[in-house]
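These are the residues of each chain, in order.
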Amino acid sequence: MDRDRFVRLAALAFGLVLLSFLIRGTTRLVVGYETAVLLSAPVLFAAAALLVALVVRGLLDLTGVRPLEE
């Protein structure tokens, strides 16, 4: 994985977080709060999983175990 792809994935994770809040806010206008949370949760969990993977990958690069540039 190169640094450009790492940055693109970080931007994607940020976009997924924003999309989750957008889904929650717009669906709350139509349905109840619990349903809105239920609909936005998968997107938020995907963003969280991506962020965790990026943090682990960044820590591996920081410690020198596996550099980003290969």
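What counts as what
- Residues numbered from 1 in each chain as written.
- Predicted model: local features only at pLDDT ≥ 70, side-chain atom pairs only at ≥ 80, totals over all residues.
- Heavy atoms only, no water.
- Helix = DSSP H or I, 4+ residues; strand = E, 2+ residues; numbered from the N terminus.
- Expected span 1.5 Å × (residues − 1).
- Buried < 20%, exposed > 50% of the residue type's maximum accessible area, 1.4 Å probe, protein only.
- Contact = heavy atoms within 4.5 Å.
- Polar contact = N/O pair within 3.5 Å; in protein donor to acceptor, adjacent residues only side chain to side chain.

Engineer: Please set out helix α1 (residues 3-30) residue by residue, giving values where relevant.
Structural biologist: In this model, α1 (28 residues) spans 41 Å end to end at C-alpha, consistent with the 40 Å of a helix rising 1.5 Å per residue. The complete set of buried residues in α1 reads Phe6, Ala13, Ser20 and Thr27. Considering only its buried residues, α1 is in contact with α2 (33-63).

Engineer: Requested: an account of the environment of Arg66, with residues and values cited.
Structural biologist: Tracing the backbone shows Arg66 in the segment after α2. Apart from the residues lying within four places of it in its own chain, the contact partners of Arg66 are Arg57, Leu60 and Asp61.

Engineer: Tell me what's going on with the side chain of Arg57, and back it up with residues and numbers.
Structural biologist: Residue position: Arg57 is located in helix α2. In terms of polar contacts, Arg57 uses its side chain to reach the backbone carbonyl oxygen of Pro67, at 3.4 Å.

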